[in-house]
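Breakdown of the fold
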Amino acid sequence: MARLPGAAALACVVPRGMGPLPMMLLGSVSLVIGTLVTLPALLLPSTALLPVGTLVAGFGFGTAFFGGFRMLAHTAVHEKRAQLFSAVYVVCYLANSVPAIIAGLIIPRAGLRDAALGYVAVVTALALLSIPLGVSALRRTRAAAAPTATPPALVQTAGTRH
């Protein structure tokens, strides 16, 4: 039971030197890998693959969440951070509770295995969607931070007096 949150907590310590956006991308990729490892564990079933998939997915979740949280912290006005963080946690608790409620409604009809497979599919799809968005944002950030070259005409005339 503690594998996923334990790996998520560890994920907040290990890559702390990374920037928020690369951290989110690492988390999304790790989450996809973790869910894809979990999928055969559910289909076979495999008691060996399930803990591995859970650890990798937990690391991905923790890294993506921490990177996103750090990005929000950097963009928020200091006076509004408490309100922003409160709103983030409300959304996060909803994101955890709504799927549990949906699973509770689906499991009696479809069964636990099919509900888990559907959950894995949705989490994987959402993580896969976030990767190109993150890569695009990372490219824009790096392009904006890149030093611009001074045009040659300005370099030649900069030292001359008219």
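See the structure shown above.
The sections below set out a description of the structure shown in this document.

The rules behind each value
All residue numbers refer to position in the chain's written sequence, counted from 1. For a predicted model such as this one, the threshold for reporting local features is a pLDDT of at least 70, and the threshold for listing and counting side-chain atom pairs is 80 or more; totals across whole chains, interfaces and linings nevertheless cover every residue. Note that the side-chain values use all heavy atoms of the structure and ignore hydrogens as well as water. Segments assigned H or I by DSSP are reported as helices when at least four residues long, segments assigned E as strands when at least two residues long, and all are numbered from the N terminus. With a 1.4 Å probe rolled over the protein chains alone, any residue whose accessible area is under 20% of its type maximum counts as buried; one over 50% counts as exposed, and the rest are partly exposed. Two residues form a contact once any of their heavy atoms are found within 4.5 Å. Surface accessibility follows the Shrake-Rupley procedure with a 1.4 Å probe radius. Residue values consider only the protein chains on display as shielding. Two rings belonging to Phe, Tyr or Trp (six-membered ring only in the last case) form a pair when the distance between their centres is within 6.5 Å. Interplanar angles under 30 degrees mark stacking, angles over 60 mark edge-to-face geometry, and anything in between is tilted. Pairs of N or O atoms within 3.5 Å make up the polar contacts considered here, provided that, within protein, one atom can donate a hydrogen while the other can accept it, and that residues adjacent in sequence are counted only when both atoms are side-chain atoms. Note on geometry: axes are lines fitted to C-alpha atoms, helical ones only across the stretch in contact, with angles between N-to-C directions running from 0 to 180 degrees. Our angle categories are set so that under 35 degrees counts as roughly parallel, over 145 as roughly antiparallel, 65 to 115 as roughly perpendicular, and the remainder as oblique. Left-handed is the label given to a crossing in which the near helix is rotated counterclockwise from the far helix by less than a right angle, and right-handed is the label when the rotation is clockwise. Throughout, the ten residues Ala, Val, Leu, Ile, Met, Phe, Trp, Tyr, Cys and Pro are labelled nonpolar, Asp, Glu, Lys and Arg are labelled charged, and all others, Gly among them, are labelled polar. Remark: nonpolar core denotes a set of buried residues (Ala, Val, Leu, Ile, Met, Phe, Trp, Tyr, Cys) joined through side-chain atoms within 4.5 Å.

The next subject is the overall build of the protein chain. Of the regular secondary structure elements, the protein chain holds six helices and zero strands. Mapped from its N terminus to its C terminus, the protein chain presents α and β elements in the order α-α-α-α-α-α. Buried residues in the protein chain amount to 25% of all 162 residues. Looking at the protein chain alone, contacts between residues at least 24 apart form 74% of all its contacts between residues at least 6 apart. Here the protein chain displays about 10,800 Å² of accessible surface, and carbon together with sulfur accounts for 73% of that area.

It is worth spelling out the packing of aromatic side chains at this point. Overall, the coordinates contain five aromatic pairs when judged by the stated rule. Ring centres of phenylalanine 61 and phenylalanine 65 lie 6.1 Å apart, and the angle between their planes is 20°; this geometry places the pair in the stacked category. Taken together, the positions of phenylalanine 61 and phenylalanine 65, both in helix α3 (residues 49–75) and four residues apart, correspond to about one turn of that helix. When its relative accessible area of 39% is taken as the criterion, phenylalanine 61 is described as partly exposed.

A word on the side chain of serine 28. Looking at where serine 28 falls in the secondary structure, it is placed in helix α2 (residues 20–43). With relative accessibility at 10%, the residue serine 28 sits in the buried group.

Bringing the environment of serine 86 into the picture now. Inspection of the secondary structure assignment puts serine 86 in helix α4 (residues 81–110). For serine 86, a relative accessible area of 43% puts it in the partly exposed group. Here alanine 82 takes part through its backbone oxygen, which lies 2.8 Å from a polar atom of the side chain of serine 86.

Turning to the side chain of threonine 124, a few remarks are in order. Among the structural elements, threonine 124 can be located in helix α5 (residues 112–145). For threonine 124, the residues in contact, after removing those within four places along its chain, are Val32, Thr35 and Leu36.

Time to look at the packing of helix α1 (residues 3–11) against α3. In the contact formed by α1 and α3, the axes pass within 7 Å of each other and the chain directions differ by 40°. Between α1 and α3, the crossing angle belongs to the class labelled oblique. Here α1 and α3 pass one another in a crossing that is right-handed. Here α1 contributes Arg3, Leu4, Ala7, Ala8 and Ala11 to the contact with α3, which in turn contributes Pro51, Thr54, Leu55, Ala57, Gly58, Phe59, Phe61, Gly62 and Thr63. A per-class count over the contact of α1 with α3 returns nine nonpolar, four polar and one charged.

This part takes up the nonpolar core. With six residues, the main nonpolar core is built from Leu31, Val32, Ala57, Val123, Ala127 and Ile131. Listed by contribution, the elements that provide at least two residues to this core are α2 and α5. Top element by residues in this core is α5. It accounts for three residues. Residues contacting isoleucine 131, with those up to four places away along its chain left out, are Leu25, Ser28, Val29 and Val32.

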